[in-house]
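# Chains, contacts and geometry: an overview
What follows is each chain in one-letter form.
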Amino acid sequence: MSNSSIIAEEETHFFGDVCKNFDYAAQFTNHEAGLLDQIKSCNSVYRFRFPIRKGNHFEVIDAWRIEHSQHQSPTKGGIRYSEMVNEDEVMALSALMTYKCAIVNVPFGGAKGGIKINPKNYTVAELENITRRYTVELIKKNFIGPSIDVPAPDYGSGEREMSWIADTYATMNPGQLDAMGCVTGKPLALHGIAGRREATGRGVAIATRECVNVAEDMEKLGLTPGLAGKKVIVQGLGNVGYHSAKFLAEFGATIVGLCEFEGAVYNENGLDVDSVFVHRKQTGSILGYPGAKEFKNSMEGLEQPCDILIPAALENQITQENAARIQAKIICEGANGPTTPEAEAIFYAKGGIIIPDMYANAGGVTVSYFEWLKNLSHVAFGRMSRRFEENSNQNLVNMVEGITGMSLSPTQRSTIIKGASELELVNSGLEDTMIRSYHEIRETWKNNPKIDTMRTAAFVGAINKIAVSYQNLGVWP
Ligand code: GLU
């Protein structure tokens, strides 16, 4: 087999996997084949190349933006900066965005972008140049805008890149009032929203908590209900992995394992997430963390004893090769596409359960939606109501104290009186979304005994909602 055909094969299975899962779930719906085909296909694939100057030579950068579905506008999804990016991957990720938004009732279609570079090989000035040029290319083709397509961070990009995109878009669209809604995940000081950075990880932790809180389901897995004392292994200490681990620990779980490129550390009595994070930052490696067992082969870390495994790095981590050795009973997918369909079948056959990516990591896009709403309304959440709420609460407390003769402690008083901040509103909107969506998926699953996985149930729900949108658009009878 030639090298190019190996690459071609490797490159073309992720979108195929997503479609395989879609087709399997579609049999539990009753939509006609043409409509299902429309929902499944990628509507617009824009592949482009542009040159940048690096030192005293030019380099051609490969890039993509793919809008999977315009059943809702705008389309939405992150931009991945990675050497591994390819068209198949961006197509798969854009499709997952469509289903993800439908699952958490965020009124967007799905999209994704990719820039084929390793950001570590570029200076900040070069990265800025690449990001601004990428944005200009999108503007030229009408592939970006608050009502068209709204990018966000993904693997390899963050707030800094989003601020360059916003600035480039605003510069090229002078006077456009809603220009800042052209991208989300911006820094707080540049029209971002409180809580967006932690949102995906917080959502993963809430999804996991919701799952383990259902006593009936835990009994089937041989686990006690509740997160307290549950042993968790997290793969990836990036934004999603780090925050998932941090919030799970906050909710009472014990983080026993952390895995990164260079290796994994494990301690059955628990690891302090922040101190492992700092150790890695200072030494350049997760290995050598005091008091922990360590594995130079990072993948071995996933196979250690635990109740819950959170793959929060990249796709294709749990495959038919290692699925049988995973000891966790629950996998909660922080990353997009970490489990292959073959691995999923093996894991369920062992009696496990997988909380699927398109629900589990939807916290990011949920808070992106809040940011976009904030940008369009040009006012921070809580700004109009906070003081009014506090005054009303104050009056109520005064009245109750007057009638009963009781008096509250200063802490009780301030807890009751305090009006909600933007962060509190965002977090409560996120929590509500994750909890409701979990039970929506679970209901679909329980109501159809033939549906065998939570992923299939999530797909069924998503397909039905998207089908309704097409019908509402009048595209389908
Ligand atoms: N890249 C994130 C995801 O895969 C966030 C997308 C967004 O906020 O639009 O869900």
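Preceding this section is the structure that the text describes.
Rules used in this analysis
Within any chain, residue numbers begin from 1 and follow the written order of that chain's sequence. In keeping with the predicted nature of the model, local features appear solely for residues at pLDDT of at least 70, side-chain atom pairs appear and are counted solely at 80 or more, and the whole-chain, interface and lining totals rest on all residues. Excluding hydrogens and water, the side-chain figures rest on all heavy atoms present in the structure. Following DSSP output, two strands are said to pair if at least two bridges run between them. Secondary structure counts use DSSP, requiring at least four H or I residues in a row for a helix and at least two E residues in a row for a strand, with both numbered from the N terminus. Whenever a helix is involved, its axis is fitted only over the stretch in contact; in every case the axis is a line through C-alpha atoms, and angles between N-to-C directions fall within 0 to 180 degrees. Given a helix with a known number of residues, its expected span is that number minus one, times 1.5 Å. In this description, contact between two residues means that some pair of their heavy atoms is separated by no more than 4.5 Å. Residues form patches when they are more than 30% accessible in relative terms and have no salt bridge. Like charges link within 9 Å. Nonpolar side chains (Val, Leu, Ile, Met, Phe, Trp, Tyr) link within 5 Å. Each accessible area value is a Shrake-Rupley result obtained with a 1.4 Å probe; residue values ignore everything except the protein chains displayed when judging cover. What makes a salt bridge here is a side-chain nitrogen of Lys or Arg within 4 Å of a carboxyl oxygen of Asp or Glu, nothing more. To be near a molecule or strand, a residue needs just one of its heavy atoms within 4 Å of it. Nitrogen and oxygen atoms within 3.5 Å of one another constitute a polar contact, given that in protein one can donate a hydrogen and the other can accept it, and given that sequence-neighbouring residues count only through two side-chain atoms. Residues were grouped as follows: Ala, Val, Leu, Ile, Met, Phe, Trp, Tyr, Cys and Pro as nonpolar; Asp, Glu, Lys and Arg as charged; and all remaining residues, including Gly, as polar. Classification of ring pairs uses Phe, Tyr and Trp, with its six-membered ring standing for Trp, and accepts pairs whose centres are within 6.5 Å; under 30 degrees between planes counts as stacked, over 60 as edge-to-face, and the remaining range as tilted. In this analysis the charged atom, NZ for Lys or CZ for Arg, is taken to sit over a ring once it is within 6 Å of the ring centre and within 35 degrees of the ring normal. Relative orientations are named as follows: roughly parallel for angles under 35 degrees, roughly antiparallel for angles over 145 degrees, roughly perpendicular for angles from 65 to 115 degrees, and oblique for any other angle. In this scheme, a crossing is called left-handed if the near helix is turned counterclockwise away from the far one by less than a right angle; it is called right-handed if the turn is clockwise.

### As for the pairing of strand β2 (residues 57-67)
Where strand β1 (residues 44-54) lies against β2, eleven bridges are found, and the strand directions are antiparallel. Bridged to Phe 50 within β2 is Ile 61. Counted between consecutive antiparallel strands, the loop separating β1 from β2 contains two residues, among which Gly 55 sits at a positive phi close to 65°. In the sheet, β2 pairs with strand β4 (residues 109-115) via five bridges, with the strands oriented antiparallel. From the neighbouring strand, Ile 66 faces β4, where its bridge partner is Lys 112.

### What to know about the sheet that holds β4
With mixed pairing, the five strands of this open sheet are ordered in space as β1-β2-β4-β3-β5. This sheet does not close on itself; its edge strands, each paired only once, are β1 and β5 (149-153). The sheet shows a mean angle of 25° between the axes of neighbouring strands, direction not considered. Relative to β5, strand β3 (residues 75-81) runs parallel, the two sharing five bridges. In the strand pairing of β5, Thr 75 is matched with Asp 149.

### A word on helix α5 (residues 124-140)
In a regular helix each residue adds 1.5 Å, so 17 residues correspond to 24 Å; α5 covers 24 Å between its end C-alpha atoms and thus fits that length. On its buried side, α5 packs onto β1, β2, β3, β4 and α6 (159-172).

### Focus: a nonpolar patch on the surface
A contiguous nonpolar surface patch, about 420 Å² in accessible area, is contributed by Leu 396, Met 399, Val 400 and Ile 403. Here Ile 403 is to be found in helix α15 (residues 386-404).

### Brief notes about the site of the ligand
Taken together, 14 residues lie around the ligand, and Lys 76, Lys 100, Pro 153, Asp 154 and Ser 368 are the ones closest in. The side chain of Arg 196 places a nitrogen or oxygen atom 3.0 Å from an oxygen atom of the ligand. Contact distances for the ligand include 2.5 Å between an oxygen atom and a side-chain N or O atom of Ser 368. Split by residue class, the shell around the ligand holds four nonpolar, five polar and five charged.

### Structural notes on the environment of Tyr 348
Structurally, Tyr 348 can be placed in helix α12 (residues 341-349). Along the chain, Tyr 348 and Asp 452 lie 104 residues apart, while their C-alpha atoms are 8.6 Å from each other. When residues no more than four places from it in sequence are discounted, the contact partners of Tyr 348 are Ile 353, Ile 354, Trp 445, Asp 452, Thr 453 and Met 454. Here the side chain of Tyr 348 touches Ile 354 through a polar contact of 3.2 Å, landing on its backbone nitrogen.

### Points about the packing of aromatic side chains
Counted by the stated rule, this structure contains 14 aromatic pairs. Aromatic rings pair up to connect Tyr 46, Phe 48, Phe 50, Tyr 134 and Phe 143 into one cluster. A cation over a ring is seen here: Arg 209 above Phe 251, with NZ or CZ 4.5 Å from the ring centre.

### A short note on the packing of helix α7 (residues 196-212) against helix α17 (residues 422-447)
Across the interface, α7 lies against α17 with an axial gap of 9 Å and an inter-helix angle of 40°. In terms of orientation, α7 and α17 fall into the oblique class. Taken as a pair, α7 and α17 cross one another with a handedness that is right-handed. Together, Glu 198, Ala 199, Arg 202, Gly 203, Ile 206, Ala 207, Arg 209, Glu 210 and Cys 211 of α7 and Leu 423, Asn 427, Leu 430, Glu 431, Met 434, Ile 435, Tyr 438 and His 439 of α17 make up the contact between the two elements. Classifying every residue of the contact of α7 with α17 gives nine nonpolar, three polar and five charged.

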